[in-house]
Amino acid sequence: PSIVVLKDYRPSISSRVYADNNELIDEFFAEDRKLIKVSEVPKIAIQAFVAAEDARFFQHQGLDWQSITRAFYKNLEAGHIVQGGSTITQQVAKSLYLSSERSYLRKVKEAILAYKIDKYLTKDEILNLYLNYIYLGHGTYGIEAAAQGYFGKSARYRNLPEAAILASLPKAPNNYSPFLHFDRAKERQAYVLSRMMEDGYITPKEKDAALKAPLRLRSIRPKEKIAPYFVENVR
(Lines give C-alpha, C1' and ligand atoms only; values in the text may rest on other atoms or scores of the structure.)
Protein backbone atom coordinates (compact mmCIF):
# COMPACT_ATOMS: atom_id res chain seq x y z
CA PRO A 1 0.00 0.00 0.00
CA SER A 2 0.99 3.63 -0.52
CA ILE A 3 2.60 5.32 2.45
CA VAL A 4 2.27 8.85 1.01
CA VAL A 5 -0.92 9.45 3.04
CA LEU A 6 1.06 9.10 6.29
CA LYS A 7 2.31 12.69 5.92
CA ASP A 8 -1.25 13.87 6.49
CA TYR A 9 -2.71 10.90 8.35
CA ARG A 10 -5.88 11.71 10.29
CA PRO A 11 -7.04 8.94 12.63
CA SER A 12 -10.48 8.64 14.17
CA ILE A 13 -10.92 11.09 17.07
CA SER A 14 -13.74 11.91 19.48
CA SER A 15 -16.55 14.43 18.97
CA ARG A 16 -17.09 16.63 22.03
CA VAL A 17 -20.24 18.26 23.35
CA TYR A 18 -19.80 21.50 25.33
CA ALA A 19 -22.18 23.53 27.48
CA ASP A 20 -22.56 27.25 26.75
CA ASN A 21 -20.05 28.00 29.55
CA ASN A 22 -17.47 25.93 27.60
CA GLU A 23 -17.68 22.97 30.03
CA LEU A 24 -17.11 19.58 28.37
CA ILE A 25 -20.24 17.53 29.11
CA ASP A 26 -19.79 14.42 26.95
CA GLU A 27 -17.88 12.79 24.10
CA PHE A 28 -18.79 10.39 21.30
CA PHE A 29 -16.19 8.17 19.67
CA ALA A 30 -15.49 4.90 17.92
CA GLU A 31 -11.99 5.12 19.43
CA ASP A 32 -11.24 7.37 22.43
CA ARG A 33 -8.35 9.30 20.91
CA LYS A 34 -7.15 12.85 21.57
CA LEU A 35 -4.38 14.04 19.27
CA ILE A 36 -1.21 15.60 20.64
CA LYS A 37 1.91 16.74 18.77
CA VAL A 38 5.06 14.80 19.60
CA SER A 39 6.77 18.17 20.27
CA GLU A 40 4.32 18.69 23.17
CA VAL A 41 5.03 15.31 24.79
CA PRO A 42 7.63 15.52 27.60
CA LYS A 43 11.02 14.13 26.61
CA ILE A 44 10.96 11.72 29.56
CA ALA A 45 7.73 10.12 28.23
CA ILE A 46 9.23 9.62 24.76
CA GLN A 47 12.36 8.11 26.34
CA ALA A 48 10.19 5.73 28.39
CA PHE A 49 8.40 4.38 25.30
CA VAL A 50 11.63 4.09 23.29
CA ALA A 51 13.45 2.29 26.12
CA ALA A 52 10.57 -0.13 26.65
CA GLU A 53 9.64 -0.84 23.03
CA ASP A 54 12.62 -0.11 20.75
CA ALA A 55 15.92 0.86 22.37
CA ARG A 56 17.70 1.46 19.02
CA PHE A 57 14.82 3.42 17.45
CA PHE A 58 16.94 6.48 16.69
CA GLN A 59 19.77 4.41 15.18
CA HIS A 60 18.11 1.79 12.94
CA GLN A 61 16.33 2.23 9.59
CA GLY A 62 12.97 0.82 10.57
CA LEU A 63 14.30 -2.67 11.30
CA ASP A 64 16.49 -3.77 14.19
CA TRP A 65 18.36 -6.80 12.86
CA GLN A 66 19.74 -7.67 16.30
CA SER A 67 16.21 -8.00 17.71
CA ILE A 68 14.98 -9.83 14.61
CA THR A 69 17.80 -12.37 14.80
CA ARG A 70 17.22 -12.92 18.52
CA ALA A 71 13.47 -13.38 17.95
CA PHE A 72 14.08 -15.76 15.03
CA TYR A 73 16.14 -18.15 17.16
CA LYS A 74 13.64 -17.92 20.05
CA ASN A 75 10.81 -18.81 17.66
CA LEU A 76 12.85 -21.60 16.05
CA GLU A 77 13.53 -23.05 19.47
CA ALA A 78 9.83 -22.89 20.44
CA GLY A 79 8.54 -24.21 17.12
CA HIS A 80 6.14 -21.29 16.70
CA ILE A 81 6.13 -17.50 16.97
CA VAL A 82 6.63 -16.47 20.60
CA GLN A 83 8.61 -13.25 20.10
CA GLY A 84 8.25 -10.57 17.46
CA GLY A 85 11.31 -8.36 17.74
CA SER A 86 9.22 -5.52 16.30
CA THR A 87 10.48 -1.95 16.24
CA ILE A 88 8.22 1.05 16.85
CA THR A 89 8.19 1.60 13.07
CA GLN A 90 7.06 -2.00 12.51
CA GLN A 91 4.31 -1.52 15.09
CA VAL A 92 3.12 1.54 13.15
CA ALA A 93 3.16 -0.46 9.90
CA LYS A 94 1.20 -3.32 11.46
CA SER A 95 -1.36 -1.06 13.15
CA LEU A 96 -2.09 1.02 10.06
CA TYR A 97 -1.83 -1.53 7.25
CA LEU A 98 -1.81 -5.16 8.42
CA SER A 99 -3.74 -7.67 10.51
CA SER A 100 -2.48 -9.03 13.83
CA GLU A 101 -2.05 -12.53 12.34
CA ARG A 102 1.07 -14.19 13.74
CA SER A 103 2.81 -15.52 10.62
CA TYR A 104 6.16 -15.16 8.89
CA LEU A 105 4.48 -13.75 5.76
CA ARG A 106 2.93 -10.91 7.75
CA LYS A 107 6.30 -10.21 9.38
CA VAL A 108 7.93 -9.94 5.95
CA LYS A 109 5.25 -7.47 4.79
CA GLU A 110 5.65 -5.57 8.05
CA ALA A 111 9.42 -5.36 7.58
CA ILE A 112 9.13 -4.02 4.01
CA LEU A 113 6.60 -1.39 5.07
CA ALA A 114 8.69 -0.38 8.11
CA TYR A 115 11.75 0.16 5.88
CA LYS A 116 9.69 2.29 3.45
CA ILE A 117 8.14 4.30 6.30
CA ASP A 118 11.57 5.00 7.86
CA LYS A 119 12.84 6.27 4.49
CA TYR A 120 9.77 8.46 3.94
CA LEU A 121 9.17 9.94 7.41
CA THR A 122 11.41 11.51 10.04
CA LYS A 123 11.80 9.81 13.43
CA ASP A 124 9.61 12.50 15.02
CA GLU A 125 6.87 11.90 12.42
CA ILE A 126 6.98 8.15 13.14
CA LEU A 127 6.76 8.81 16.89
CA ASN A 128 3.87 11.20 16.26
CA LEU A 129 1.94 8.41 14.51
CA TYR A 130 2.87 5.83 17.13
CA LEU A 131 2.06 7.89 20.21
CA ASN A 132 -1.30 8.99 18.80
CA TYR A 133 -2.37 5.62 17.40
CA ILE A 134 -1.43 2.84 19.86
CA TYR A 135 -4.03 1.16 22.05
CA LEU A 136 -3.28 1.65 25.75
CA GLY A 137 -6.21 -0.06 27.46
CA HIS A 138 -9.67 0.80 28.81
CA GLY A 139 -10.79 2.05 25.41
CA THR A 140 -8.04 4.68 25.12
CA TYR A 141 -5.97 5.15 21.97
CA GLY A 142 -2.82 7.24 22.04
CA ILE A 143 -0.83 8.74 24.88
CA GLU A 144 -3.06 11.81 25.40
CA ALA A 145 -6.32 9.86 25.86
CA ALA A 146 -4.51 7.32 28.07
CA ALA A 147 -2.93 10.03 30.24
CA GLN A 148 -6.34 11.59 30.80
CA GLY A 149 -7.97 8.19 31.28
CA TYR A 150 -5.50 6.89 33.88
CA PHE A 151 -4.32 10.09 35.58
CA GLY A 152 -6.93 12.73 34.74
CA LYS A 153 -4.45 15.12 33.14
CA SER A 154 -2.80 15.79 29.79
CA ALA A 155 0.26 13.89 28.57
CA ARG A 156 1.96 17.31 28.51
CA TYR A 157 2.27 17.09 32.31
CA ARG A 158 3.57 13.54 32.75
CA ASN A 159 6.22 12.86 35.37
CA LEU A 160 8.65 9.92 35.32
CA PRO A 161 6.56 7.39 37.35
CA GLU A 162 3.46 8.08 35.22
CA ALA A 163 5.43 8.01 31.96
CA ALA A 164 6.84 4.60 32.88
CA ILE A 165 3.33 3.26 33.59
CA LEU A 166 2.04 4.47 30.20
CA ALA A 167 5.10 3.04 28.42
CA SER A 168 4.48 -0.32 30.08
CA LEU A 169 1.05 -0.71 28.45
CA PRO A 170 1.61 -1.34 24.68
CA LYS A 171 2.86 -4.89 25.31
CA ALA A 172 -0.40 -6.02 27.02
CA PRO A 173 -2.74 -3.15 28.02
CA ASN A 174 -5.21 -5.28 29.98
CA ASN A 175 -2.58 -7.40 31.75
CA TYR A 176 -0.64 -4.35 32.95
CA SER A 177 -3.56 -2.02 33.67
CA PRO A 178 -2.96 -0.21 36.99
CA PHE A 179 -6.74 -0.22 37.47
CA LEU A 180 -7.10 -3.99 37.14
CA HIS A 181 -3.69 -5.42 38.09
CA PHE A 182 -1.83 -2.86 40.18
CA ASP A 183 0.98 -5.22 41.29
CA ARG A 184 1.66 -6.32 37.71
CA ALA A 185 1.61 -2.69 36.58
CA LYS A 186 4.23 -1.83 39.19
CA GLU A 187 6.41 -4.77 38.10
CA ARG A 188 6.22 -3.62 34.48
CA GLN A 189 6.90 -0.03 35.56
CA ALA A 190 10.07 -1.27 37.28
CA TYR A 191 11.13 -2.99 34.04
CA VAL A 192 10.61 0.21 32.00
CA LEU A 193 12.57 2.26 34.55
CA SER A 194 15.40 -0.31 34.50
CA ARG A 195 15.55 -0.12 30.70
CA MET A 196 15.65 3.69 30.89
CA MET A 197 18.51 3.51 33.39
CA GLU A 198 20.43 1.01 31.22
CA ASP A 199 20.05 3.31 28.22
CA GLY A 200 21.33 6.31 30.18
CA TYR A 201 18.07 8.29 30.27
CA ILE A 202 17.81 8.30 34.07
CA THR A 203 20.11 7.70 37.04
CA PRO A 204 19.74 4.88 39.61
CA LYS A 205 18.63 7.52 42.12
CA GLU A 206 15.88 8.75 39.77
CA LYS A 207 14.76 5.16 39.16
CA ASP A 208 14.47 4.43 42.90
CA ALA A 209 12.58 7.68 43.53
CA ALA A 210 10.13 6.92 40.70
CA LEU A 211 9.47 3.41 42.05
CA LYS A 212 8.70 4.79 45.51
CA ALA A 213 6.51 7.64 44.28
CA PRO A 214 2.75 7.11 44.83
CA LEU A 215 0.59 6.72 41.73
CA ARG A 216 -2.42 9.02 41.81
CA LEU A 217 -4.89 7.31 39.49
CA ARG A 218 -8.12 8.87 38.31
CA SER A 219 -11.30 7.25 39.63
CA ILE A 220 -12.39 4.46 37.28
CA ARG A 221 -16.04 5.04 38.20
CA PRO A 222 -17.94 6.83 35.39
CA LYS A 223 -18.96 10.40 36.10
CA GLU A 224 -22.60 11.28 36.46
CA LYS A 225 -23.91 12.51 33.11
CA ILE A 226 -24.68 16.22 32.76
CA ALA A 227 -27.93 16.97 30.89
CA PRO A 228 -28.21 13.42 29.48
CA TYR A 229 -31.47 14.24 27.65
CA PHE A 230 -29.72 17.04 25.73
CA VAL A 231 -26.61 14.94 24.99
CA GLU A 232 -28.79 12.11 23.68
CA ASN A 233 -30.59 14.58 21.43
CA VAL A 234 -27.21 15.71 20.01
CA ARG A 235 -26.12 12.12 19.50
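Now for a look at the structure at hand. What you see is a predicted model; the values in this text were computed from it and never measured.

Calculation notes
Residues numbered from 1 in each chain as written. Predicted model: local features only at pLDDT ≥ 70, side-chain atom pairs only at ≥ 80, totals over all residues. Heavy atoms only, no water. Helix = DSSP H or I, 4+ residues; strand = E, 2+ residues; numbered from the N terminus. Rg over C-alpha atoms; globule rule 2.2 N^0.38 Å. Buried < 20%, exposed > 50% of the residue type's maximum accessible area, 1.4 Å probe, protein only. Contact = heavy atoms within 4.5 Å. Areas by Shrake-Rupley, 256 points an atom, 1.4 Å probe, with all protein chains shown as cover. Lys, Arg positive; Asp, Glu negative; His and termini not counted. Charge placed at Lys NZ, Arg CZ, Asp CG, Glu CD. Phe/Tyr/Trp six-rings, centres within 6.5 Å; stacked < 30°, edge-to-face > 60°. Pairing = 2+ DSSP bridges. Polar contact = N/O pair within 3.5 Å; in protein donor to acceptor, adjacent residues only side chain to side chain. Core = buried A, V, L, I, M, F, W, Y, C linked by side-chain atoms within 4.5 Å.

For the chain, the count of helices and strands is ten helices and four strands. Put simply, the chain runs from its N terminus to its C terminus through helices and strands in the order β-β-β-α-α-α-α-α-β-α-α-α-α-α. Compactness check: the chain gives a C-alpha radius of gyration of 19 Å against a globular reference of 18 Å for 235 residues, within 12% of the reference. Counting only C-alpha atoms and orienting by the principal axes, one finds that the chain spans roughly 60 × 45 × 35 Å. Within the chain, the fraction of its 235 residues that count as buried is 45%. Taking the contacts inside the chain whose residues are at least 6 apart along the sequence as the reference set, 60% of them involve residues at least 24 apart. Accessible surface, the chain as shown: approximately 13,300 Å² in total, 52% of it carbon and sulfur. One finds the centroid of the 35 positive side-chain charges in the chain at a distance of 3 Å from the centroid of its 27 negative side-chain charges.

Before going further, it helps to spend a moment on the packing of aromatic side chains. Across all of its chains, the model carries six aromatic pairs by this definition. Measuring from centroid to centroid gives 4.9 Å for Tyr 135 and Tyr 141, while their planes differ by 50 degrees, and the two rings are tilted. With relative accessibility at 32%, the residue Tyr 135 sits in the partly exposed group. An angle of 50 degrees between the planes, with centres 6.5 Å apart, marks the rings of Tyr 150 and Phe 151 as tilted. By relative accessible area, which is 1% here, Tyr 150 ends up buried. The buried category is assigned to Phe 151, whose relative accessible area is 7%.

So, on to the pairing of strand E1 (residues 15-18). Inspection of the sheet shows E1 paired to strand E2 (residues 24-28) by four bridges, in the antiparallel sense. Bridging from a neighbouring strand, Tyr 18 pairs with Leu 24 of E2. The antiparallel hairpin formed by E1 and E2 contains five residues in its connecting segment, where Asn 22 sits at a positive phi of about 75 degrees.

Moving on, we come to the environment of Ala 114. Examined against the element boundaries, Ala 114 turns out to sit in helix H4 (residues 104-120). The buried category is assigned to Ala 114, whose relative accessible area is 0%. For the pair Ala 114 and Ala 93, spaced 21 residues apart in sequence, the C-alpha separation works out to 5.8 Å. In this structure Ala 114 touches Gln 61, Gly 62, Leu 63, Thr 89, Gln 90 and Ala 93, once residues within four positions along its chain are discounted.

Attention now goes to helix H7 (residues 160-167). For H7, a buried count of eight out of eight residues is recorded, marking the element as mostly surrounded by other parts of the structure. Leu 160, Pro 161, Glu 162, Ala 163, Ala 164, Ile 165, Leu 166 and Ala 167 are the residues of H7 that are buried. At its buried positions, H7 is contacted by helix H1 (43-53), helix H6 (143-151), helix H8 (182-198) and helix H9 (204-212). Regarding H7, its N-cap is Asn 159, as a side-chain oxygen of that residue lies 3.0 Å from the backbone nitrogen of Glu 162 further along.

Before going further, it helps to examine the environment of Tyr 135. Secondary-structure assignment places Tyr 135 in the loop between helix H5 (123-133) and strand E4 (140-141). Distance in space between the C-alpha atoms of Tyr 135 and Ser 194 is 23 Å, their sequence separation being 59 residues. Setting aside residues up to four positions removed in sequence, Tyr 135 forms contacts with Thr 140, Tyr 141, Pro 170 and Pro 173. At a separation of 3.3 Å, a polar atom in the side chain of Tyr 135 contacts the main-chain amide nitrogen of His 138. Polar side-chain contacts of Tyr 135 include one of 3.2 Å to the backbone nitrogen of Gly 139.

Glancing now at the nonpolar core. Ranked by internal contacts, the top residues of the largest apolar core, which has 49 residues, are Phe 49, Leu 131, Ile 143, Leu 166 and Met 196. Only H1, helix H3 (88-97), H4, H5, H6, H7 and H8 provide two or more residues apiece to this core. Apart from the residues within four sequence positions on either side, Met 196 is in contact with Ile 44, Gln 47, Ala 48, Ala 51, Leu 160, Tyr 201 and Ile 202.

The values are spatial; any link to function lies outside them.
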